Amino acid sequence: QQTRSSNPPFSVKRPRLWFGCADGGACRSVGGLSAYLVSCGGWEGLVDGWYTRTEVRQAGSSAGSYDTYFFSPAGKRFRSRVEVARHFGLDQGGARAPPAFAPASTSAS
């Protein structure tokens, strides 16, 4: 004779949300965004008042993965730090060091 458990045989995933610095990692995300923007030509304090929100994907083949979004003080959502840099008109290629000299031409004259 089987007994019925009050727990279902599967788990129901509910969205988990973190705002601001509640999980500690969100603060590091904004700090990392700030460092990235500085490397693109921005300045310290450019993202003061910004916050992050991390959400767990609920469906599809990537269910269980996390997405972190950046929010401006006005509430505009950005999906990546590249989008934020674009928003500020910064050079996203600035994260790489520029060449020390111009490459020599390889074509024969």
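Right above here is the structure, for reference.
Residues numbered from 1 in each chain as written. Predicted model: local features only at pLDDT ≥ 70, side-chain atom pairs only at ≥ 80, totals over all residues. Heavy atoms only, no water.

**A few points about the pairing of strand 3 (residues 66–71)**
Right, on to step 1. As paired strands, strand 2 (residues 51–56) and strand 3 are joined by six bridges and run antiparallel to one another. Bridge pairing in strand 3 links Thr54 to Thr68.
Right, on to step 2. In this structure, strand 3 lies alongside strand 4 (residues 77–78), joined through two bridges in antiparallel fashion. Opposite Phe70, over in strand 4, you have Phe78 as the bridge partner.
Right, on to step 3. Here strand 3 hands over to strand 4 after five residues, with Gly75 in that stretch at a positive phi of 95 degrees. (Pairing = 2+ DSSP bridges. Helix = DSSP H or I, 4+ residues; strand = E, 2+ residues; numbered from the N terminus.)

**Topic: the side chain of Asp67**
Right, on to step 1. Mapped onto the fold, Asp67 is located in strand 3.
Right, on to step 2. Exposure remark for Asp67: the relative accessible area of 19% places this residue in the buried category.
Right, on to step 3. Polar side-chain contacts of Asp67 include one of 2.7 Å to the side chain of Arg57.
Right, on to step 4. Beyond its immediate stretch of four places on either side in the chain, Asp67 contacts Arg53, Thr54, Glu55 and Arg57. (Buried < 20%, exposed > 50% of the residue type's maximum accessible area, 1.4 Å probe, protein only. Polar contact = N/O pair within 3.5 Å; in protein donor to acceptor, adjacent residues only side chain to side chain. Contact = heavy atoms within 4.5 Å.)

**Here's the deal with the nonpolar core**
The tendency in soluble globular proteins is for nonpolar side chains to be buried as a group.
Right, on to step 1. Formed by 13 residues in total, the largest nonpolar core has its most connected members in Leu33, Leu37, Val47, Trp50, Phe70, Val84 and Leu90.
Right, on to step 2. Elements with a contribution of two residues or more to this core: helix 1 (25–39) and helix 2 (81–87).
Right, on to step 3. Looking at this core element by element, the count peaks at four residues for helix 1.
Right, on to step 4. Apart from the residues lying within four places of it in its own chain, the contact partners of Phe70 are Ser29, Leu33, Trp50, Tyr51, Thr52, Lys76, Arg77, Phe78, Ser80, Arg81 and Val84. (Core = buried A, V, L, I, M, F, W, Y, C linked by side-chain atoms within 4.5 Å.)

**Side note on the pattern of salt bridges**
Right, on to step 1. If you walk through the whole model with that rule in mind, you get two salt bridges.
Right, on to step 2. Close ionic contact of Arg53 with Glu55 constitutes a salt bridge, the shortest N to O distance being 2.8 Å.
Right, on to step 3. When its relative accessible area of 23% is taken as the criterion, Glu55 is described as partly exposed.
Right, on to step 4. As a salt-bridge pair, Arg57 and Asp67 come within 2.7 Å of each other at their nearest N and O atoms. Taken as a pair, Arg57 in the loop between strand 2 and strand 3 and Asp67 in strand 3 lie far apart in primary sequence, 10 residues in all. (Salt bridge = Lys/Arg side-chain N within 4 Å of Asp/Glu carboxyl O.)

Such coordinate-based values are descriptive only and should not be taken to indicate function.
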